[in-house]
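Structural overview
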Amino acid sequence: MTTLRLFFFLLASAPGCVFAGAWPRGDGNVFTALSLESTYDRSALTWDDPEEEPPLARNYLKFFAEYGLSPRYTLGVELEQDYLFTQRQGIAFVTGALSPIGAPTQIAVEMGVGQRNGRFGDNGSEDSEPVLRPAFYLGRGFETRWGPGWTAADLKTEYRVDSEESIYKLDLTLGVRPDDRTLYYGQFQNSKYPDADFAVRFLASRVSQLNRFMWLETGLIAGVVTDDSFGIKIGIWAEF
């Protein structure tokens, strides 16, 4: 096995964050992730008035799963739920690789369809609407003095059909795998929601292998641009 082939074998054996997006899952391979994000406004750091309501946490539960249909095509589902059950969304998607399998630079496109449910109707009533989500992925693997690394750019647009609103998201990721049981990555999460300013937050995360099939992710979240949140992310990954 050549040095280049060995490198890509090691990179591909890393779990979800490397495979997601630009890197195809691979024929018959399965990856799942269940995560909880809990954030506060920074005002919670200085809250000291017992007569006022304490700042509330914003909790989001997410489930993500992918299955490799073929060497180039991946089928997946992504479910999101806020803690108070006021917003729910589910999207099924198909991702197709455009670049040669095993090439240093990976390019992929995706099309997702789903439904959004929640209290966003007139006067806060329960409502639902279809969602379309096209996406473009770009990734590249490389070698570092600390082990195999990768960088990725994930661009997604969520179009809400009935309300005719669009959400734009761009995640920029840089990661490294220093050994067979540990991953580190940093991610700038850029977003633009309707009637809101462009916002950026940063996620710094460590992923540790628990056993042959499962990994534990622990991360810290901090707002950077027009986002004053801070918090944590905890997740369980499984691949088989």
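Being a predicted model, the structure only gives us computed values, none of them experimental.

On to the overall build of the protein chain, then. Scanning the protein chain from terminus to terminus reveals two helices and 12 strands. Looking at the protein chain as a whole, 41% of its 240 residues are labelled buried. Here the analysis covers contacts within the protein chain between residues at least 6 apart in sequence; of these, 48% occur between residues at least 24 apart. Looking at the protein chain as shown, the accessible area adds up to about 13200 Å², and 61% of this sits on carbon and sulfur atoms.

It is worth spelling out the environment of Gln89 at this point. Mapping Gln89 onto the fold places it in strand S4 (residues 87-97). A relative accessible area of 12% places Gln89 in the buried class. Residues Gln89 and Glu78 lie 11 residues apart in sequence; the distance between their C-alpha atoms is 8.1 Å. Apart from residues lying up to four places away in sequence, Gln89 is in contact with Glu78, Leu79, Glu80, Gln115, Arg116, Val131 and Glu158. Within the structure, Gln89 has its side chain in polar contact with the side chain of Glu158 (distance 3.3 Å).

On to the pairing of strand S8 (residues 165-179). Both strand S7 (residues 147-160) and S8 contribute to a ladder of 12 bridges, which runs antiparallel. What sits directly across from Asp154, in S8, is Asp171. Judged from the 10 bridges that link them, S8 and strand S9 (residues 182-192) form a sheet pairing that is antiparallel. Its bridge partner lying in S9, Val176 is registered against Tyr184. Adjacent in sequence and paired antiparallel, S8 and S9 are bridged by two residues.

Excluding glycine, residues mostly carry a negative phi; peptide bonds, for their part, are mostly trans. Of note, Glu164 is a non-glycine position whose phi angle comes to about 55 degrees, a positive value. When you line up the elements, Glu164 lands in the loop between S7 and S8. Judged by relative accessible area, Glu164 falls into the exposed class, the value being 61%. Phi is positive for Asp195, close to 60 degrees, though the residue is something other than glycine. Mapping Asp195 onto the fold places it in the loop between S9 and strand S10 (199-209). Note on Asp195: relative accessible area 82%, which makes it exposed.

Rules behind the numbers
The numbers attached to residues start from 1 for each chain and follow its sequence in the written order. A pLDDT threshold of at least 70 governs which residues receive local features in this predicted model, and a stricter bar of 80 or more applies before side-chain atom pairs are shown or counted, although totals over entire chains, interfaces and linings include all residues. The side-chain figures draw on all heavy atoms in the structure; neither hydrogens nor water molecules are used. In DSSP terms, a helix is any run of H or I states spanning at least four residues, a strand is any run of E spanning at least two, and both are numbered starting from the N terminus. Exposed residues in this analysis have more than 50% of their type's maximum accessible area, buried residues have under 20%, and partly exposed residues fall in between, with area computed by a 1.4 Å probe over protein chains only. Here, residues are in contact when the closest pair of their heavy atoms is within 4.5 Å. Each accessible area value is a Shrake-Rupley result obtained with a 1.4 Å probe; residue values ignore everything except the protein chains displayed when judging cover. Each polar contact in these results corresponds to two N or O atoms within 3.5 Å; when the atoms are within protein, one needs to be able to donate a hydrogen and the other to accept it, and residues that are neighboring in sequence are counted only if both atoms are side-chain atoms. Should DSSP find at least two bridges between two strands, the strands are taken to pair.

In short, geometric facts, not functional conclusions.
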